[in-house]
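Summary of the model geometry
Read off the chains here:
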Amino acid sequence: MVASGLQTFTENLRALPRTVRASIVRHGAPYSDRSRSQAVFGNLFLHIHATRTHVRSLGFTATFGLGVAAFSFFLILLASGVVLMVYYTPSTELAYASMKDIHFVVPGGRLIRNLHRWAGHLMVVVVMLHMGRVFYSASYKAPREFNWVLGMALFVTTLALSFTGYLLPWDQLAFWAITIGANIAASPRELTDALGVTQYFDVGGFQKEILLGAREVGQGALTRFYLLHVIVLPLALVTLVAVHFWRIRKDGGLGRPGGAPTAAGKGADTGAQPTPPTDAPTKTFGLMCVVRDQAPATGQTSDDTVPSWPYLMRAELLVFMVCVLISVLLGMAFDAPLKEMANASIPENPAKAPWYFLGLQEMVSYSAFMGGLLIPAIVVLGLTLIPYLDREPEEAGVYFSGALGRQTARASLLFGLVAAVLSVAIPVRFGWIRSWFPSAPQLLIILINPGSLLTLAYAGWSVRVLRRTASTRMAAIALFTCFVAGFAVMTYVGTYLRGPNWDFFWSRADWPTH
Amino acid sequence: MPARLEPDPIPRRDFLGLAGTWAAMIAIGGSILGMLRLPKPSVLPEKGSRVRLGRPEDLPAGGAQVVPEHNVLVLADARGVAAVSLVCSHLGCIVKQTEGGFSCPCHGSVFGRQGEVTGGPAPSGLKWLAVSRAVDGRLSVDTEREVPPGTFLEV
């Protein structure tokens, strides 16, 4: 029987490619609806999608591909970040030198670093746009409230990732931006000092010490930021993203007008009496039709869905490739900045945070605590609570919820822009409390500043819209639009109109030379 | 109807199960809390906060001298010697000397010649620091010990 044993072995060897493939992929080639569905639900990574996707969800204007784009940029960041870690050394003595190495010596290092920088910026942009898209299309409404909350957590995590990455090059830009950031964390002291309770209750000092591991930005801070940037925050982001994606599916797919099954999502409590278990098949029609290889024609027209494989996968791949293309092109065209090595005795002038924090920095230039902590905290909390405060039943997937919403958004945009411009222009032209009453109490200066007045104005505007339209959705549109306008104005001013000593300049050409 | 003082007896298995679950939760929670204590340093890994300056006799009389390597301003007049920190009380940038006093490059805080706040977002004036005289007669400034503004060391 020796020959036959050898024969079997040879046959097995020949069949190796087929048997190995069959052991990995648990279904046939995805040519029929059935095997296409199997391709999705038989795969750990793909089964986060439903097996069938509504055609409307694939339309470009339904999502603009923003969620997938944000995740694509994250994947690019993950890949480029891992290779950067091969050379980067998180030590105050070597970090700057290793950045120079990556930029000038390491093969492809310069492009990879630029790619990481650009993908990071783009991820922040896309995450913000994605939030806007979800908000204006009312996609946060029941049953998707919790996914909006997860989205807010992802937004904050994205900003934290970006901020922690900012220190790692250990150049002047990094050092002073993080010094300012850490002192913003310590800024509750402003309030506790004004109240005279700092020695009993020093939240600010505690936050700064936890962040830096020391009194000043140094090795302790670099180690902590590195740890957060490469392990803690990416893990948190991946976990949150997984739940975020999974909830899209569990909440009934993307919101769409007339999307009947979204009413309560699968498995949600509809208040109906439980039906006693029977022997009757409990499979839905959607699964029934994929049992046989041929999908019945009736099902196609009634639910307007297509197999996720390949249509959804193809759309996602397209978005991913576009994201890669954009980041690579930007990375080839523009180098990521690298200033002189960090120097603790000469501040950058002006010392500017990354662009998306410059709006905050503009507000910080009136009061560190209000502008840097309290107002941002109120805004983030307010955004998070939107789906719980605006519970009007609404058709998801209609931008601005119709003509009234468009009108509200337009008026709010105008109001938001004018108010924000005024809140910058008045202090620049006429000064603020301290220039009028030099001995004004500190508490007054903290509480009454352009940033807090602007926030109040926006809240007032939103309440006015709420009274006039008697609709929480319209009030939410008003408030959200105002904050978008305020963010845009503040960011623009902080980025382009502020120069040395945070003075106001119409153009960079007017900056004093030194 | 079960009275408040004589509640329904809980089945032994349920009680043990609940007790076990709670014990596990408390153990896990306690461990996490214990680990969270770790990131707060009990000793700060920094150089001592005392810096040595020159002898008071060498200071220009009635003048103010900036010591850039320690970010300190030394004031000397009839009242004695004092030291003022050049770290901005707003967000920790190093202030620059100007004609009228000091200004911060980061957010435009303005301070007078002796560190009193005159403009911008700074919540308070520049910190006055404790000055003492070392045994060799040189001045020693503790950059972490704040004293009320106007505190001079008689020399």
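Calculation rules
Residues numbered from 1 in each chain as written. Chains lettered and ligands numbered in written order. Predicted model: local features only at pLDDT ≥ 70, side-chain atom pairs only at ≥ 80, totals over all residues. Helix = DSSP H or I, 4+ residues; strand = E, 2+ residues; numbered from the N terminus. Buried ≥ 20, exposed ≤ 12 C-beta atoms within 10 Å, placed from the backbone. Contact = placed C-beta atoms within 7 Å. Rg over C-alpha atoms; globule rule 2.2 N^0.38 Å. Nonpolar A, V, L, I, M, F, W, Y, C, P; charged D, E, K, R; others polar. Pairing = 2+ DSSP bridges. Axes fitted to C-alpha atoms, helices over the stretch in contact; angles between N-to-C directions. Domains from an automatic or database assignment.

1. Remarks on the overall build of chain A
Along the backbone of chain A there are 23 helices and two strands. When its C-alpha atoms are laid out on the principal axes, chain A stretches across 95 × 65 × 50 Å. In chain A, which comprises 514 residues, the proportion classed as buried is 41%. Once local pairs closer than 6 in sequence are excluded, the contacts in chain A between residues at least 24 apart make up 75%.

2. Some details on the overall build of chain B
Scanning chain B for helices and strands turns up one helix and ten strands. N-terminal to C-terminal, the α/β element order of chain B is α-β-β-β-β-β-β-β-β-β-β. By the compact-globule yardstick of 15 Å for 155 residues, chain B is too spread out, its C-alpha radius of gyration being 28 Å. Taking the principal axes of the C-alpha coordinates as reference, chain B spans close to 90 × 40 × 30 Å. Within chain B, contacts between residues at least 6 apart in sequence are counted, and of these 39% link residues at least 24 apart.

3. What to know about the interface of chain B and chain A
Listed by partner, the interface residues are 23 residues for chain B and 31 residues for chain A. Among the residues forming the side of chain B that touches chain A, the class breakdown is twelve nonpolar, nine polar and two charged.

4. A closer look at the sheet that holds strand β1 (residues 50-52) of chain B
Residues and elements named next belong to chain B. With antiparallel pairing, the six strands of this open sheet are ordered in space as β1-β10-β9-β4-β3-β2. Edge positions in the sheet fall to β1 and β2 (64-67), since each of these pairs with one other strand and no more. For this sheet the average axis-to-axis angle between neighbouring strands, irrespective of direction, equals 30°. The pairing of β1 with strand β10 (residues 139-147) spans three bridges and is classified as antiparallel. Within β10, the position partnered with Arg52 by the bridge is Ser140.

5. Structural notes on the environment of Thr164(A)
Residues and elements named next belong to chain A. Topologically, Thr164 is positioned in helix α9 (residues 145-167). Taking the number of C-beta atoms within 10 Å as the measure of exposure, Thr164 has 21 and is therefore buried. For Thr164 and Leu16, which are 148 residues apart along the polypeptide, the C-alpha to C-alpha distance reads 48 Å. Ignoring sequence-local partners within four residues, the contact set of Thr164 consists of Phe225, Leu228, His229 and Leu233.

6. Quick word on the domain arrangement of chain B
As assigned here, chain B comprises domain 1 (1-40) and domain 2 (50-147). Centre-to-centre, using C-alpha coordinates, domain 1 of chain B lies 57 Å away from domain 2 of chain B.

7. Looking at the environment of Lys100(A)
Residue and element names in this part refer to chain A. Structurally, Lys100 is set in helix α7 (residues 95-104). A count of 16 C-beta atoms within 10 Å places Lys100 in the partly exposed class. Through-space distance from the C-alpha of Lys100 to that of Leu338 is 8.5 Å; in sequence the pair is 238 residues apart.

8. Considerations on the pairing of strand β4 (residues 80-85) of chain B
Residues and elements named next belong to chain B. Where strand β3 (residues 72-77) and β4 come together, six bridges link them in antiparallel fashion. Its bridge partner lying in β4, Val72 is registered against Ser85. Adjacent in sequence and paired antiparallel, β3 and β4 are bridged by two residues. Relative to strand β9 (residues 128-133), β4 runs antiparallel, the two sharing two bridges. Each residue of the ladder has a partner; that of Ala83, found in β9, is Leu129.

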